[in-house]
Amino acid sequence: MNYFSSHFKLGILGGGQLGKMLLNDTRKFDIKTHVLDPSDEAPCKIACNAFTKGDLMDFDTVYNFGKQVDVLTFEIENVNVDALEALEKEGIKVYPSSNNLRIIQNKAAQKLFYLDNNLPTSPFSRFAYTSEIEDAITNGGLQLPFVWKSAQFGYDGNGVKIVRSIEDLKGLPAGECIAEQLVDFKNELAVIVSRTPNGEVKTYPVVEMEFHPEANQVEYVICPGRIPEAVAKKAQEVALNVSKAFNHVGLLAVELFQTQDDEILINEVAPRPHNSGHQTIEASYTSQFEQHLRAILNLPLGRTDSKVGGVMVNLVGAEGYTGNVVYENIEQIMQMEGVTPHIYGKTMTRPFRKMGHVTIVNEDLNKARQIAEDVKKTIKVISE
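Residues numbered from 1 in each chain as written. Predicted model: local features only at pLDDT ≥ 70, side-chain atom pairs only at ≥ 80, totals over all residues. Heavy atoms only, no water.

> Any chance you could explain the overall build of the chain here in plain terms?
Looking only at helices and strands, the chain has 11 helices and 21 strands in total. In terms of overall dimensions, the chain is globule-like: its C-alpha atoms have a radius of gyration of 21 Å, near the 21 Å expected for 384 residues. When burial is assessed residue by residue, the chain has 54% of its 384 residues classed as buried. Sequence-distant contacts in the chain: of pairs separated by 6 or more residues, those separated by 24 or more amount to 63%. Carbon and sulfur atoms form 47% of the exposed surface of the chain, whose accessible area is close to 16700 Å². Within the chain, one finds 38 positive and 50 negative side-chain charges whose respective centroids are separated by 4 Å. (Helix = DSSP H or I, 4+ residues; strand = E, 2+ residues; numbered from the N terminus. Rg over C-alpha atoms; globule rule 2.2 N^0.38 Å. Buried < 20%, exposed > 50% of the residue type's maximum accessible area, 1.4 Å probe, protein only. Contact = heavy atoms within 4.5 Å. Areas by Shrake-Rupley, 256 points an atom, 1.4 Å probe, with all protein chains shown as cover. Lys, Arg positive; Asp, Glu negative; His and termini not counted. Charge placed at Lys NZ, Arg CZ, Asp CG, Glu CD.)

In C-alpha coordinates:
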(Lines give C-alpha, C1' and ligand atoms only; values in the text may rest on other atoms or scores of the structure.)
Protein backbone atom coordinates (compact mmCIF):
# COMPACT_ATOMS: atom_id res chain seq x y z
CA MET A 1 0.00 0.00 0.00
CA ASN A 2 1.19 3.52 -0.76
CA TYR A 3 1.04 5.57 2.44
CA PHE A 4 2.76 8.71 1.15
CA SER A 5 0.83 11.51 -0.58
CA SER A 6 -2.01 9.06 -1.15
CA HIS A 7 -5.59 8.40 -0.07
CA PHE A 8 -4.41 6.20 2.82
CA LYS A 9 -5.84 7.31 6.19
CA LEU A 10 -4.22 6.72 9.57
CA GLY A 11 -6.57 7.01 12.55
CA ILE A 12 -5.29 8.08 15.97
CA LEU A 13 -7.37 7.63 19.11
CA GLY A 14 -6.47 10.44 21.48
CA GLY A 15 -5.43 13.96 20.62
CA GLY A 16 -2.93 14.77 23.38
CA GLN A 17 0.76 15.61 23.29
CA LEU A 18 1.85 12.13 22.18
CA GLY A 19 -0.46 12.38 19.19
CA LYS A 20 0.79 15.88 18.45
CA MET A 21 4.40 14.68 18.35
CA LEU A 22 3.37 11.68 16.21
CA LEU A 23 1.73 14.10 13.77
CA ASN A 24 5.07 15.88 13.25
CA ASP A 25 6.24 12.73 11.50
CA THR A 26 3.02 12.03 9.60
CA ARG A 27 3.39 15.53 8.15
CA LYS A 28 7.03 14.82 7.31
CA PHE A 29 5.89 11.78 5.32
CA ASP A 30 2.65 13.41 4.07
CA ILE A 31 0.46 10.69 5.58
CA LYS A 32 -3.20 11.69 6.00
CA THR A 33 -4.43 11.53 9.59
CA HIS A 34 -7.78 11.45 11.38
CA VAL A 35 -7.86 12.09 15.14
CA LEU A 36 -10.60 11.37 17.71
CA ASP A 37 -10.54 13.18 21.06
CA PRO A 38 -13.20 14.40 23.53
CA SER A 39 -11.76 17.92 23.82
CA ASP A 40 -12.03 20.86 21.46
CA GLU A 41 -8.73 22.01 22.99
CA ALA A 42 -6.85 18.83 22.01
CA PRO A 43 -3.22 19.61 20.99
CA CYS A 44 -3.67 17.41 17.87
CA LYS A 45 -6.57 19.42 16.50
CA ILE A 46 -4.55 21.90 14.45
CA ALA A 47 -2.07 19.37 13.03
CA CYS A 48 -4.23 16.53 11.67
CA ASN A 49 -6.13 16.34 8.38
CA ALA A 50 -9.48 15.63 10.06
CA PHE A 51 -10.51 16.02 13.71
CA THR A 52 -13.52 14.37 15.35
CA LYS A 53 -14.73 15.33 18.80
CA GLY A 54 -16.03 12.29 20.69
CA ASP A 55 -15.85 10.00 23.69
CA LEU A 56 -12.97 7.51 23.46
CA MET A 57 -14.79 5.09 25.78
CA ASP A 58 -18.03 5.06 23.78
CA PHE A 59 -18.39 1.96 21.55
CA ASP A 60 -20.32 3.59 18.70
CA THR A 61 -18.06 6.66 18.60
CA VAL A 62 -14.85 4.63 18.38
CA TYR A 63 -16.36 2.06 15.99
CA ASN A 64 -17.72 4.66 13.56
CA PHE A 65 -14.47 6.61 13.66
CA GLY A 66 -12.45 3.46 12.97
CA LYS A 67 -14.57 2.58 9.93
CA GLN A 68 -13.28 5.73 8.20
CA VAL A 69 -9.58 4.81 8.34
CA ASP A 70 -7.23 2.11 7.01
CA VAL A 71 -5.01 1.63 10.09
CA LEU A 72 -5.95 2.61 13.63
CA THR A 73 -3.53 3.34 16.48
CA PHE A 74 -3.79 5.17 19.80
CA GLU A 75 -1.82 7.49 22.03
CA ILE A 76 -3.78 6.71 25.20
CA GLU A 77 -4.86 3.35 26.64
CA ASN A 78 -8.28 4.44 27.91
CA VAL A 79 -10.29 3.66 24.78
CA ASN A 80 -13.18 1.28 24.08
CA VAL A 81 -11.54 -2.10 23.44
CA ASP A 82 -14.76 -3.82 22.36
CA ALA A 83 -15.01 -1.36 19.47
CA LEU A 84 -11.40 -2.08 18.48
CA GLU A 85 -12.11 -5.82 18.52
CA ALA A 86 -15.18 -5.33 16.31
CA LEU A 87 -13.15 -3.25 13.85
CA GLU A 88 -10.44 -5.93 13.67
CA LYS A 89 -13.07 -8.55 12.81
CA GLU A 90 -14.15 -6.35 9.90
CA GLY A 91 -10.63 -6.06 8.52
CA ILE A 92 -9.46 -2.75 9.99
CA LYS A 93 -5.85 -3.02 11.14
CA VAL A 94 -5.55 -1.97 14.79
CA TYR A 95 -2.03 -1.62 16.22
CA PRO A 96 -1.30 -2.53 18.93
CA SER A 97 -4.08 -5.13 18.96
CA SER A 98 -7.28 -5.03 21.01
CA ASN A 99 -6.17 -8.22 22.76
CA ASN A 100 -2.93 -6.62 23.96
CA LEU A 101 -4.69 -3.44 24.99
CA ARG A 102 -7.33 -5.37 26.95
CA ILE A 103 -4.57 -6.97 29.04
CA ILE A 104 -2.58 -3.77 29.49
CA GLN A 105 -5.60 -1.64 30.42
CA ASN A 106 -6.05 -3.69 33.60
CA LYS A 107 -3.02 -3.73 35.90
CA ALA A 108 -4.19 -6.93 37.59
CA ALA A 109 -4.54 -8.71 34.23
CA GLN A 110 -1.16 -7.29 33.22
CA LYS A 111 0.56 -8.71 36.32
CA LEU A 112 -1.09 -12.11 35.79
CA PHE A 113 0.15 -12.05 32.20
CA TYR A 114 3.72 -11.73 33.46
CA LEU A 115 3.24 -14.67 35.81
CA ASP A 116 1.69 -16.82 33.07
CA ASN A 117 4.63 -16.09 30.77
CA ASN A 118 7.37 -16.55 33.40
CA LEU A 119 8.37 -12.90 33.23
CA PRO A 120 10.00 -11.37 36.32
CA THR A 121 7.79 -8.99 38.31
CA SER A 122 7.23 -8.13 41.97
CA PRO A 123 4.85 -10.24 44.12
CA PHE A 124 1.31 -8.88 44.31
CA SER A 125 -2.22 -9.53 45.57
CA ARG A 126 -5.39 -8.82 43.63
CA PHE A 127 -8.51 -7.38 45.25
CA ALA A 128 -12.00 -6.87 43.84
CA TYR A 129 -12.49 -3.92 46.21
CA THR A 130 -10.08 -1.69 48.11
CA SER A 131 -12.10 -2.37 51.27
CA GLU A 132 -10.81 -5.97 51.25
CA ILE A 133 -7.23 -4.80 51.81
CA GLU A 134 -7.70 -3.86 55.45
CA ASP A 135 -8.98 -7.37 56.24
CA ALA A 136 -5.99 -8.87 54.45
CA ILE A 137 -3.60 -6.77 56.56
CA THR A 138 -5.44 -7.59 59.79
CA ASN A 139 -5.43 -11.33 59.04
CA GLY A 140 -1.76 -11.36 58.11
CA GLY A 141 -2.29 -12.08 54.42
CA LEU A 142 -0.74 -8.76 53.37
CA GLN A 143 2.29 -7.05 54.83
CA LEU A 144 2.88 -3.31 55.09
CA PRO A 145 4.29 -1.37 53.31
CA PHE A 146 3.07 -2.03 49.76
CA VAL A 147 2.15 -0.16 46.59
CA TRP A 148 -1.58 0.20 45.96
CA LYS A 149 -2.56 0.50 42.30
CA SER A 150 -6.01 0.96 40.83
CA ALA A 151 -6.53 -1.83 38.29
CA GLN A 152 -7.86 0.59 35.67
CA PHE A 153 -7.72 4.21 34.53
CA GLY A 154 -4.51 5.23 36.27
CA TYR A 155 -2.16 7.64 34.48
CA ASP A 156 0.76 10.01 35.21
CA GLY A 157 1.03 8.91 38.82
CA ASN A 158 -2.71 8.91 39.45
CA GLY A 159 -4.09 5.60 40.73
CA VAL A 160 -0.85 4.74 42.55
CA LYS A 161 -0.03 5.18 46.25
CA ILE A 162 2.52 3.76 48.67
CA VAL A 163 0.59 2.41 51.67
CA ARG A 164 2.63 2.40 54.88
CA SER A 165 -0.27 2.30 57.38
CA ILE A 166 -4.00 1.54 57.53
CA GLU A 167 -4.58 5.32 57.51
CA ASP A 168 -3.12 5.54 54.00
CA LEU A 169 -6.06 3.50 52.68
CA LYS A 170 -8.52 6.27 53.46
CA GLY A 171 -9.89 8.08 50.44
CA LEU A 172 -8.65 5.56 47.88
CA PRO A 173 -11.05 4.56 45.07
CA ALA A 174 -13.22 1.58 45.98
CA GLY A 175 -12.89 -0.61 42.87
CA GLU A 176 -10.61 -3.40 41.67
CA CYS A 177 -6.97 -2.93 42.64
CA ILE A 178 -3.68 -4.65 43.31
CA ALA A 179 -1.24 -4.46 46.22
CA GLU A 180 2.35 -4.89 45.05
CA GLN A 181 5.29 -5.70 47.27
CA LEU A 182 7.40 -2.57 47.66
CA VAL A 183 10.58 -3.12 45.63
CA ASP A 184 13.90 -2.02 47.12
CA PHE A 185 15.43 -0.72 43.91
CA LYS A 186 18.58 1.10 42.86
CA ASN A 187 17.09 2.55 39.68
CA GLU A 188 13.92 2.78 37.66
CA LEU A 189 14.71 1.95 34.05
CA ALA A 190 12.82 1.71 30.77
CA VAL A 191 13.35 0.09 27.39
CA ILE A 192 11.28 0.89 24.30
CA VAL A 193 10.84 -2.03 21.89
CA SER A 194 9.54 -1.58 18.34
CA ARG A 195 8.01 -4.44 16.33
CA THR A 196 6.49 -4.68 12.83
CA PRO A 197 3.76 -7.07 11.63
CA ASN A 198 6.52 -8.94 9.76
CA GLY A 199 8.35 -9.48 13.06
CA GLU A 200 11.27 -7.06 12.69
CA VAL A 201 12.24 -5.98 16.22
CA LYS A 202 14.54 -3.25 17.54
CA THR A 203 15.15 -1.79 20.99
CA TYR A 204 16.24 1.65 22.09
CA PRO A 205 19.04 2.05 24.66
CA VAL A 206 18.09 1.54 28.30
CA VAL A 207 17.11 4.82 29.97
CA GLU A 208 17.25 5.78 33.61
CA MET A 209 14.24 7.58 35.09
CA GLU A 210 14.17 9.90 38.09
CA PHE A 211 10.74 10.47 39.63
CA HIS A 212 9.14 13.34 41.55
CA PRO A 213 8.70 12.02 45.12
CA GLU A 214 5.21 13.48 45.59
CA ALA A 215 3.55 13.41 42.17
CA ASN A 216 5.01 10.00 41.20
CA GLN A 217 5.77 11.46 37.75
CA VAL A 218 9.00 11.20 35.79
CA GLU A 219 11.08 14.35 36.28
CA TYR A 220 14.18 13.34 34.31
CA VAL A 221 14.89 10.68 31.66
CA ILE A 222 18.60 10.01 31.14
CA CYS A 223 19.82 8.23 28.01
CA PRO A 224 21.83 6.10 28.14
CA GLY A 225 21.14 5.02 31.71
CA ARG A 226 24.14 5.32 34.02
CA ILE A 227 24.23 1.60 34.79
CA PRO A 228 26.73 -1.25 34.24
CA GLU A 229 26.71 -2.83 30.79
CA ALA A 230 25.69 -6.21 32.25
CA VAL A 231 22.61 -4.63 33.86
CA ALA A 232 21.71 -2.84 30.63
CA LYS A 233 21.98 -6.10 28.70
CA LYS A 234 19.74 -7.87 31.22
CA ALA A 235 17.16 -5.05 30.99
CA GLN A 236 17.17 -5.30 27.18
CA GLU A 237 16.66 -9.08 27.38
CA VAL A 238 13.72 -8.77 29.77
CA ALA A 239 12.12 -6.10 27.57
CA LEU A 240 12.53 -8.28 24.48
CA ASN A 241 10.95 -11.22 26.31
CA VAL A 242 7.97 -9.04 27.27
CA SER A 243 7.65 -7.89 23.66
CA LYS A 244 7.81 -11.47 22.41
CA ALA A 245 5.12 -12.58 24.87
CA PHE A 246 2.73 -9.82 23.74
CA ASN A 247 3.75 -10.18 20.07
CA HIS A 248 2.71 -6.55 19.76
CA VAL A 249 2.94 -4.28 16.73
CA GLY A 250 4.16 -0.73 17.22
CA LEU A 251 6.01 0.49 20.29
CA LEU A 252 6.04 -1.14 23.71
CA ALA A 253 7.60 0.88 26.53
CA VAL A 254 8.70 -1.51 29.28
CA GLU A 255 9.23 0.12 32.69
CA LEU A 256 11.61 -1.82 34.94
CA PHE A 257 13.13 -1.89 38.41
CA GLN A 258 16.84 -2.57 38.96
CA THR A 259 16.96 -4.16 42.43
CA GLN A 260 19.78 -3.82 44.96
CA ASP A 261 20.99 -7.25 43.73
CA ASP A 262 20.90 -6.05 40.10
CA GLU A 263 17.94 -8.21 39.21
CA ILE A 264 15.45 -6.76 36.71
CA LEU A 265 11.73 -6.72 37.53
CA ILE A 266 8.93 -5.52 35.26
CA ASN A 267 6.89 -2.66 36.67
CA GLU A 268 4.39 -2.09 33.85
CA VAL A 269 4.20 -1.44 30.11
CA ALA A 270 2.67 1.09 27.73
CA PRO A 271 1.80 0.06 24.14
CA ARG A 272 2.51 3.43 22.51
CA PRO A 273 5.06 6.24 22.38
CA HIS A 274 6.07 7.00 25.95
CA ASN A 275 7.47 9.68 28.23
CA SER A 276 10.67 7.63 28.54
CA GLY A 277 11.36 8.13 24.83
CA HIS A 278 10.89 11.87 24.32
CA GLN A 279 14.65 12.52 24.22
CA THR A 280 14.82 10.40 21.04
CA ILE A 281 13.51 13.36 19.02
CA GLU A 282 16.80 15.23 19.40
CA ALA A 283 19.22 12.55 20.61
CA SER A 284 18.50 9.48 18.43
CA TYR A 285 18.85 8.65 14.77
CA THR A 286 15.15 7.74 14.67
CA SER A 287 12.66 9.28 17.09
CA GLN A 288 10.22 6.99 18.90
CA PHE A 289 7.37 8.67 17.03
CA GLU A 290 8.81 7.99 13.58
CA GLN A 291 9.61 4.46 14.71
CA HIS A 292 6.01 3.88 15.83
CA LEU A 293 4.82 4.92 12.36
CA ARG A 294 7.37 2.69 10.66
CA ALA A 295 6.29 -0.24 12.85
CA ILE A 296 2.51 0.00 12.46
CA LEU A 297 2.83 0.59 8.68
CA ASN A 298 5.18 -2.41 8.32
CA LEU A 299 8.00 -0.25 6.99
CA PRO A 300 11.69 -0.92 7.68
CA LEU A 301 12.58 0.14 11.24
CA GLY A 302 15.06 2.97 11.71
CA ARG A 303 18.30 3.08 13.70
CA THR A 304 17.67 3.23 17.42
CA ASP A 305 21.10 4.18 18.74
CA SER A 306 21.78 7.66 20.05
CA LYS A 307 23.72 10.33 18.18
CA VAL A 308 24.52 12.06 21.47
CA GLY A 309 23.71 11.80 25.17
CA GLY A 310 20.23 13.06 26.00
CA VAL A 311 18.31 14.10 29.10
CA MET A 312 14.60 14.93 29.14
CA VAL A 313 12.97 17.19 31.71
CA ASN A 314 9.20 17.14 32.13
CA LEU A 315 7.50 20.53 32.34
CA VAL A 316 4.53 20.26 34.67
CA GLY A 317 2.20 22.84 36.15
CA ALA A 318 3.60 24.45 39.30
CA GLU A 319 1.81 23.89 42.58
CA GLY A 320 -0.53 26.70 43.51
CA TYR A 321 -1.29 27.75 39.92
CA THR A 322 -4.43 26.98 37.93
CA GLY A 323 -5.59 28.86 34.84
CA ASN A 324 -4.23 30.26 31.57
CA VAL A 325 -0.66 29.04 31.27
CA VAL A 326 2.46 31.23 31.30
CA TYR A 327 5.95 29.80 30.70
CA GLU A 328 8.17 31.98 32.85
CA ASN A 329 11.89 32.25 31.94
CA ILE A 330 11.61 30.14 28.79
CA GLU A 331 13.96 32.54 26.97
CA GLN A 332 16.59 31.95 29.66
CA ILE A 333 16.60 28.18 29.24
CA MET A 334 16.84 28.57 25.45
CA GLN A 335 20.17 30.34 26.01
CA MET A 336 21.56 27.19 27.64
CA GLU A 337 23.69 24.79 25.61
CA GLY A 338 21.85 22.00 23.79
CA VAL A 339 18.38 22.90 25.10
CA THR A 340 15.19 22.36 23.06
CA PRO A 341 11.76 23.04 24.62
CA HIS A 342 8.62 21.25 23.45
CA ILE A 343 5.37 23.00 24.39
CA TYR A 344 2.32 20.77 24.11
CA GLY A 345 -0.32 23.39 23.34
CA LYS A 346 -2.46 23.02 26.48
CA THR A 347 -3.79 26.47 27.29
CA MET A 348 -4.82 25.69 30.88
CA THR A 349 -2.36 24.67 33.58
CA ARG A 350 -2.93 23.02 36.96
CA PRO A 351 -0.58 21.47 39.53
CA PHE A 352 1.50 18.61 38.08
CA ARG A 353 -0.29 18.64 34.70
CA LYS A 354 2.13 17.73 31.90
CA MET A 355 2.49 20.89 29.83
CA GLY A 356 5.68 20.19 27.88
CA HIS A 357 9.18 18.83 28.10
CA VAL A 358 12.72 20.01 27.47
CA THR A 359 15.47 17.94 25.88
CA ILE A 360 19.15 18.60 26.64
CA VAL A 361 21.76 16.99 24.37
CA ASN A 362 25.49 16.92 25.08
CA GLU A 363 28.45 14.62 24.39
CA ASP A 364 29.03 14.62 28.17
CA LEU A 365 25.99 12.99 29.80
CA ASN A 366 26.88 14.33 33.26
CA LYS A 367 26.96 17.85 31.86
CA ALA A 368 23.59 17.28 30.18
CA ARG A 369 22.17 16.15 33.53
CA GLN A 370 23.48 19.30 35.24
CA ILE A 371 21.99 21.54 32.55
CA ALA A 372 18.71 19.65 32.98
CA GLU A 373 18.71 20.56 36.66
CA ASP A 374 19.41 24.19 35.77
CA VAL A 375 16.46 24.08 33.36
CA LYS A 376 14.20 22.64 36.07
CA LYS A 377 15.19 25.39 38.51
CA THR A 378 14.80 28.19 35.95
CA ILE A 379 11.59 27.63 34.00
CA LYS A 380 8.26 27.96 35.79
CA VAL A 381 4.91 26.77 34.44
CA ILE A 382 2.48 29.16 36.12
CA SER A 383 -0.82 30.91 35.33
CA GLU A 384 -1.81 34.47 34.58
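> Looking at this model, I keep getting lost on the packing of helix 2 (residues 59–66) against helix 3 (residues 81–89). Mind explaining?
The axes of two packed helices give the description: the angle between them and the distance between them. Look at helix 2 against helix 3: their axes get within 8 Å of each other, and the N-to-C directions meet at 35°. The element helix 2 and its partner helix 3 pack so that their crossing is right-handed. Of the residues in helix 3, those in contact with Phe59, Val62, Tyr63 and Gly66 of helix 2 are Asp82, Ala83, Leu84, Ala86 and Leu87. Here the contact of helix 2 with helix 3 is composed, by residue class, of seven nonpolar, one polar and one charged. (Axes fitted to C-alpha atoms, helices over the stretch in contact; angles between N-to-C directions. Left-handed = near helix turned anticlockwise from the far one by under 90°. Nonpolar A, V, L, I, M, F, W, Y, C, P; charged D, E, K, R; others polar.)

> What should I look at first to understand the side chain of threonine 359 in this one?
Its place among the elements puts threonine 359 in strand 20 (residues 354–362). Of the residues examined, threonine 359 reaches a relative accessible area of 1% and is grouped as buried. Side chain to side chain, threonine 359 and glutamate 282 meet in a polar contact 3.0 Å long. Beyond its immediate sequence surroundings of up to four residues, threonine 359 is in contact with His278, Gln279, Glu282, Val311, Gly338, Val339, Thr340 and His342. (Polar contact = N/O pair within 3.5 Å; in protein donor to acceptor, adjacent residues only side chain to side chain.)

> Would you take a moment to explain the packing of helix 4 (residues 98–105) against helix 5 (residues 107–116) for this structure?
Viewed as axis vectors pointing N to C, helix 4 and helix 5 meet at an angle of 105°, and their least axial separation amounts to 5 Å. The angle between the axes of helix 4 and helix 5 places the two elements in the roughly perpendicular class. Judged by residue contacts, Ile103, Ile104 and Gln105 of helix 4 engage Lys107, Ala109, Gln110 and Phe113 from helix 5. For the contact of helix 4 with helix 5, the per-class residue count stands at four nonpolar, two polar and one charged. (Parallel < 35°, antiparallel > 145°, perpendicular 65-115°, else oblique.)

> Could you clarify how one ought to interpret the packing of aromatic side chains in this entry?
Each aromatic ring pair is specified by the distance between its two centres and by the angle formed by the two planes. The full count for this structure, using the stated rule, is seven aromatic pairs. Geometrically, the ring pair formed by tyrosine 3 and phenylalanine 8 is edge-to-face, given 4.8 Å between the ring centres and 80° between the ring planes. Phenylalanine 8 matches tyrosine 3 in its accessibility class, with the two residues each being buried. Here phenylalanine 113 and phenylalanine 246 contribute two aromatic rings whose centre-to-centre distance is 4.1 Å and whose plane-to-plane angle is 20°, an arrangement assigned as stacked. Taken together, the residues phenylalanine 113 in helix 5 and phenylalanine 246 in helix 7 (residues 229–246) connect sequence positions 133 residues apart. (Phe/Tyr/Trp six-rings, centres within 6.5 Å; stacked < 30°, edge-to-face > 60°.)

> Is there a simple way to think about the pattern of salt bridges in this case?
Where charged atoms of side chains with opposite charge meet at close range, the side chains can pair. The final tally for this structure, using the stated rule, is 24 salt bridges. In this structure, lysine 28 and aspartate 25 form a salt bridge, with 2.9 Å as the shortest nitrogen-oxygen distance. Placement of both lysine 28 and aspartate 25 in helix 1 (residues 17–29) is noted, with a separation of three residues, approximately one turn of the helix. Judged by relative accessible area, which is 9%, aspartate 25 ranks as buried. Here glutamate 180 makes a salt bridge to lysine 111, at a shortest N to O gap of 3.1 Å. In this pair, glutamate 180 is assigned in strand 9 (residues 177–181) and lysine 111 in helix 5, connecting sequence segments 69 residues apart. Accessibility assignment for this pair places glutamate 180 and lysine 111 in one class, buried. Overlapping salt bridges bring together Glu208, Glu210, Arg226, Arg369, Glu373 and Lys377 as one network. (Salt bridge = Lys/Arg side-chain N within 4 Å of Asp/Glu carboxyl O.)

> Quick question: what am I supposed to make of the environment of proline 173 here?
One can find proline 173 in the loop between strand 8 (160–163) and strand 9. The sequence separation of proline 173 and threonine 130 amounts to 43 residues, and the corresponding C-alpha distance is 7.0 Å. In this structure, proline 173 is in contact with Thr130 and Trp148, ignoring residues within four places of it in sequence.

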